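What the coordinates show
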Amino acid sequence: EADIYQTPRYLVIGTGKKITLECSQTMGHDKMYWYQQDPGMELHLIHYSYGVNSTEKGDLSSESTVSRIRTEHFPLTLESARPSHTSQYLCASSPGLAINEQFFGPGTRLTVL
Amino acid sequence: QKEVEQDPGPLSVPEGAIVSLNCTYSNSAFQYFMWYRQYSRKGPELLMYTYSSGNKEDGRFTAQVDKSSKYISLFIRDSQPSDSATYLCAMQGGGGKLIFGQGTELSVKP
């Protein structure tokens, strides 16, 4: 079944740890995105990719980095987690048609102590 | 000023009520107007979209766009408890980037 997956779903970690949030999609989409979502706030785009070896920073400044070595995989890494990184992280992909319908994963809820 | 403003709610209505969810925007370059629905502990999913001004109906849902007023609405008729979710409006401009509203949390009580 074509879908988009995120792991872990929940992560509680201490300050200073390195973390990687995984995102994979089986829909063959070229475009992938990472958003940050906080309660009562709009989704903020932090990274996007239009294909393999292509990554760009989004509108919201983020200390995270991403890579796109395979079409289906778009991991996000935080080298040194801080409490200010506590948030919900949503991964999405889109087929790149005129209407940019994005398909979202279930999200990773990150808490940094 | 934010490009997209959405009443955050929360909104609580009885089953069967007509619900109106609204967003305003400031960028006249937006071309596609979308509504996403997000259930608790899930990612958003596209509910409906419209291109330019006008209405679009899909079952109990109607999306309305008024580009002259920079105002979009989503109407839900005969609301059901299963409609309880957060509804996010999103606008697409040049380059395909989506700008989201902050979401309206809706609760439909049986």
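Our subject in this report is the structure included herewith.

Conventions and cut-offs
Residues numbered from 1 in each chain as written. Chains lettered and ligands numbered in written order. Predicted model: local features only at pLDDT ≥ 70, side-chain atom pairs only at ≥ 80, totals over all residues. Heavy atoms only, no water. Contact = heavy atoms within 4.5 Å. Buried area = accessible area lost by both parts, 1.4 Å probe. Salt bridge = Lys/Arg side-chain N within 4 Å of Asp/Glu carboxyl O. Polar contact = N/O pair within 3.5 Å; in protein donor to acceptor, adjacent residues only side chain to side chain. Helix = DSSP H or I, 4+ residues; strand = E, 2+ residues; numbered from the N terminus. Nonpolar A, V, L, I, M, F, W, Y, C, P; charged D, E, K, R; others polar. Phe/Tyr/Trp six-rings, centres within 6.5 Å; stacked < 30°, edge-to-face > 60°. Buried < 20%, exposed > 50% of the residue type's maximum accessible area, 1.4 Å probe, protein only. Lys NZ or Arg CZ within 6 Å of the ring centre and 35° of its normal.

Another aspect to go through is the interface of chain A and chain B. On the chain B side, the residues contacting the 20 residues of chain A number 20 residues. Summing both sides of the interface, chain A and chain B together bury roughly 1,600 Å²; the carbon and sulfur share of this comes to 53%. Joining chain A to chain B, the criterion identifies two salt bridges. Across the salt bridge formed by Lys 2 of chain B and Glu 42 of chain A, the nearest N and O atoms sit 3.4 Å from each other. Summed over the shared surface of chain A and chain B, the result is eight residue pairs in polar contact (both at pLDDT 80 or more). Looking at the side of chain A that touches chain B, the elements with two or more residues in it are β4 (31-37) and β5 (44-51) of chain A. Among the residues making up the side of chain A that touches chain B, the classes are represented as 11 nonpolar, five polar and four charged.

A full pass over the atoms with the stated rule returns 11 aromatic pairs over all chains. With a centroid separation of 5.2 Å and an interplanar angle of 45°, the aromatic rings of Tyr 48 of chain A and Tyr 50 of chain A are classed as tilted. Consider the rings of Tyr 25 of chain B and Phe 33 of chain B, whose centres lie 5.3 Å apart with planes at 45°: the pair is tilted. Residue Tyr 25 of chain B is classed as buried on the basis of its relative accessible area of 6%. Lying over the aromatic face of Tyr 50 of chain A, Lys 31 of chain A brings its terminal NZ or CZ to 4.5 Å of the ring centre. The cationic tip of Arg 68 of chain A hangs over the ring face of Phe 74 of chain A; the distance from NZ or CZ to the ring centre is 5.9 Å.

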